[in-house]
Amino acid sequence: MENKPRLWTGSFLNVCASNFFVFLVFYLLFVTMPIYTMESIGVAEGKAGLVITVFLLAAIFIRPLSGQWTESFGRKPVVITALSIFLGSTFLYLWFESFSALLVIRFIQGIGFGMGTTALGAIAADIIPEQRKGEGLGYFAMSMNFAMVIGPFLGLTLVQKASFTVMFIVCIGLATIAFLSGLVTRVVEQKVPAQRSLVPSMQTLLEKPVIPIALTGAVMALAYAGVLSFVSVYANQLGLAEAATYFFVVYALVLLVSRPFTGKWFDQYGENVIVIPSIIVFGVGLLTLSFSNTAFILLVSGGLIGLGWGTLVPSMQTIALKKVPEKAGAATATFFTIFDIGMGVGSYVVGAIATGIGFSSLYFNSSFIVFGAVGLYFLLHGRKVRTNKGQQVEYSR
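Residues numbered from 1 in each chain as written. Predicted model: local features only at pLDDT ≥ 70, side-chain atom pairs only at ≥ 80, totals over all residues. Heavy atoms only, no water.

**Observations concerning the overall build of the protein chain**
A tally of regular secondary structure across the protein chain gives 14 helices and 2 strands. In terms of overall dimensions, the protein chain is globule-like: its C-alpha atoms have a radius of gyration of 20 Å, near the 21 Å expected for 397 residues. Dimensions of the protein chain along its principal axes, counting C-alpha atoms only, are 60 × 45 × 40 Å. Counting every position in the protein chain, which comprises 397 residues, the buried fraction comes to 54%. Partitioning the intrachain contacts of the protein chain with sequence separation of at least 6 by distance along the chain shows that 84% fall at a separation of at least 24. Summed over its atoms, the accessible surface of the protein chain is roughly 17100 Å², and 67% of this surface lies on carbon and sulfur atoms. Side-chain charges of the protein chain comprise 24 positive and 16 negative groups, with the mean position of each set lying 6 Å from the other. (Helix = DSSP H or I, 4+ residues; strand = E, 2+ residues; numbered from the N terminus. Rg over C-alpha atoms; globule rule 2.2 N^0.38 Å. Buried < 20%, exposed > 50% of the residue type's maximum accessible area, 1.4 Å probe, protein only. Contact = heavy atoms within 4.5 Å. Areas by Shrake-Rupley, 256 points an atom, 1.4 Å probe, with all protein chains shown as cover. Lys, Arg positive; Asp, Glu negative; His and termini not counted. Charge placed at Lys NZ, Arg CZ, Asp CG, Glu CD.)

Structure below.
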């Protein structure tokens, strides 16, 4: 029996924990900050979304730089700096209440978030054995997916049952755990170049081999943004508000059950065998969501979307890392920079479109964008994949 290299090391558990708590704070504040700005500061509904936009813009801006910094200065210094910024900015919520100050705090925290998640992704990629890369990154991605389920529920519960002050104190505690987990993570640093610069050249900001798979992910993120941002609103319109509470719970449960298989199959059979069916399942999930008229159908769509989308993100990240394995930080930064642009644009565009055509039509049409992404994936990446007898992936020129 072949002995596989160990995956669940102390360092891997620590980096997953740090990533989980960073994203837990992110998703908790994602759903509560617009409410806070309207109820506590008195900002109009049209401006409340700026607290999300400013945060995402900061993360998108800093990712390419932080990717290069992880290669130039090492993973550990970048991750500690990032988590310090993230934690410090979380404290500031208790001291400043004006809208302009809040936007500054959100921008600073977005920088810490963008740097931290990029560096943590690079550390995870270094820790995971090469033979188990797809499986390991799948589990690492689950730390983000579970945060997506728990964060909104925890945030809304704190707002309803306690206060915004208590919510911010809880966020400080969660950010502290993220910092400590990152601090104790053992990192095998890569060799850093002799000449290092805080401002890298434009040619090195994005890793060109990663751009095709990142663009594919960004196109599908346009569709997924509508699920993340508006599925609860859609469910309320259908009279299924209670079922919507369990939408992401079903999403997470399907991920939990499927992850041990999909990650291993990615490593064993190759990326096309996993990615193409996952895109189709994601599209079917959106199509099912558009026809939801009962709680059962709504939850079935959540399971399909969880299986499809939840498998796609770590799979595409793994592909990005395999393109430039010697530059895990830069590869991670390039992938998520382009991916986040798709998510950010989607969050704005789908809201405007849904106002005109309704959410059911939005999800129906989004499903065909996703189905079309099968061809985009194959054109930009899938057709170049070849698997030899030892199941090692090679890319044709």
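Right, picking up where we left off after that structure.
**Describing the packing of helix α3 (residues 50–73) against helix α5 (residues 99–127)**
The contact between α3 and α5 brings their axes to 6 Å, and the two run at 35 degrees. The element α3 and its partner α5 pack so that their crossing is right-handed. Tallied by class, the residues present in the contact of α3 with α5 amount to 17 nonpolar, 8 polar and 2 charged. (Axes fitted to C-alpha atoms, helices over the stretch in contact; angles between N-to-C directions. Left-handed = near helix turned anticlockwise from the far one by under 90°. Nonpolar A, V, L, I, M, F, W, Y, C, P; charged D, E, K, R; others polar.)

**Regarding the packing of aromatic side chains**
Tallying each qualifying case throughout the model produces 27 aromatic pairs. Look at F291 and F364: their rings are 6.0 Å apart centre to centre, the planes differ by 70 degrees, and that puts the pair in the edge-to-face class. Here F291, found in the loop between α11 (271–290) and α12 (295–323), pairs with F364, found in helix α14 (residues 359–380); they are 73 residues apart in sequence, far enough to count as distant. Owing to a relative accessible area of 53%, F291 belongs among the exposed residues under this scheme. Given a relative accessible area of 32%, F364 falls into the partly exposed group. (Phe/Tyr/Trp six-rings, centres within 6.5 Å; stacked < 30°, edge-to-face > 60°.)

**Some thoughts on the pattern of salt bridges**
If you walk through the whole model with that rule in mind, you get 4 salt bridges. With a shortest N-O distance of 2.7 Å, R75 and D126 are connected by a salt bridge. With a gap of 51 residues between them, R75 in helix α4 (residues 75–92) and D126 in helix α5 connect regions that are remote in the sequence. For D126, a relative accessible area of 27% puts it in the partly exposed group. The closest approach of N and O atoms between E130 and K133, which form a salt bridge, is 3.7 Å. Its relative accessible area of 48% is what places E130 among the partly exposed residues. Taking the relative accessible area as the measure of exposure, K133 reaches 8% and is therefore buried. (Salt bridge = Lys/Arg side-chain N within 4 Å of Asp/Glu carboxyl O.)

**Notes on empty space enclosed by the protein**
This model, assessed by the stated rule, comprises 2 cavities of 30 Å³ or more. What lines the largest cavity is a set of 25 residues, among which F23, Y27, M144, F339 and D340 lie closest to the centre. The residue inventory of the lining of the largest cavity, partitioned by class, reads 18 nonpolar, 5 polar and 2 charged. Here the second largest cavity defines a volume of roughly 40 Å³. G134, R259, G263, F266, T311, P314, S315 and T318 together form the lining of the second largest cavity. For the lining of the second largest cavity, the elements supplying multiple residues, two or more each, are α10 (247–269) and α12. The element best represented in the lining of the second largest cavity is α12, accounting for 4 residues. (1 Å grid on protein atoms, 1.4 Å probe; cavity = no way out; pocket = protein on both sides within 12 Å on 5 of 7 lines; lining within 4 Å. Points joined across faces, edges and corners; volume = space filled by probe spheres on them.)

**Observations concerning the packing of helix α6 (residues 133–161) against α12**
Their axes nearest at 9 Å, the elements α6 and α12 cross at an angle of 130 degrees. It follows from the interaxial angle that α6 and α12 lie oblique. α6 and α12 meet at a crossing whose hand is right-handed. Touching K133, G134, L137, G138, A141, M144 and N145 of α6 are G310, V313, P314, Q317, T318 and L321, all from α12. (Parallel < 35°, antiparallel > 145°, perpendicular 65-115°, else oblique.)

**Quick look at the confidence of the model for the protein chain**
Summing up the model confidence of the protein chain, the mean pLDDT is 84 and the portion of residues at 70 or higher is 90%. By mean pLDDT, strand β2 (residues 393–395) is the weakest element of the protein chain at 53, and helix α7 (residues 164–184) is the strongest at 96. (pLDDT = per-residue confidence, 0-100.)

**Focus on the nonpolar core**
In terms of nonpolar packing, the biggest core is built from 124 residues, with Y224, V227, I305, W309 and Y363 touching the most fellow members. Among the elements that line this core, the one with the most residues is helix α1 (residues 10–39), at 16 residues. When residues no more than four places from it in sequence are discounted, the contact partners of I305 are Y224, V227, F247, Y251, F282, G285, L286, L289 and G310. (Core = buried A, V, L, I, M, F, W, Y, C linked by side-chain atoms within 4.5 Å.)

**As for α5**
Two residues of an α-helix separated by three or four positions point the same way, owing to the 3.6 residues in each turn. Here α5 spans 41 Å end to end across 29 residues, near enough to the 42 Å set by a 1.5 Å rise per residue. With 23 of 29 residues buried, α5 is to be regarded as a mostly interior element. (Expected span 1.5 Å × (residues − 1).)

**Concerning the environment of V219**
For V219, the position within the fold is in helix α8 (residues 211–238). Distance in space between the C-alpha atoms of V219 and I338 is 9.7 Å, their sequence separation being 119 residues. Once residues within four sequence positions are removed from consideration, V219 is found in contact with I369 and L376.

**Points about the environment of M220**
Here M220 lies in helix α8. A C-alpha to C-alpha distance of 5.9 Å links M220 and V370, two positions 150 residues apart in sequence. Ignoring anything within four residues of it in the chain, the contact list for M220 reads I279, F282, W309, L312, M316 and A373.

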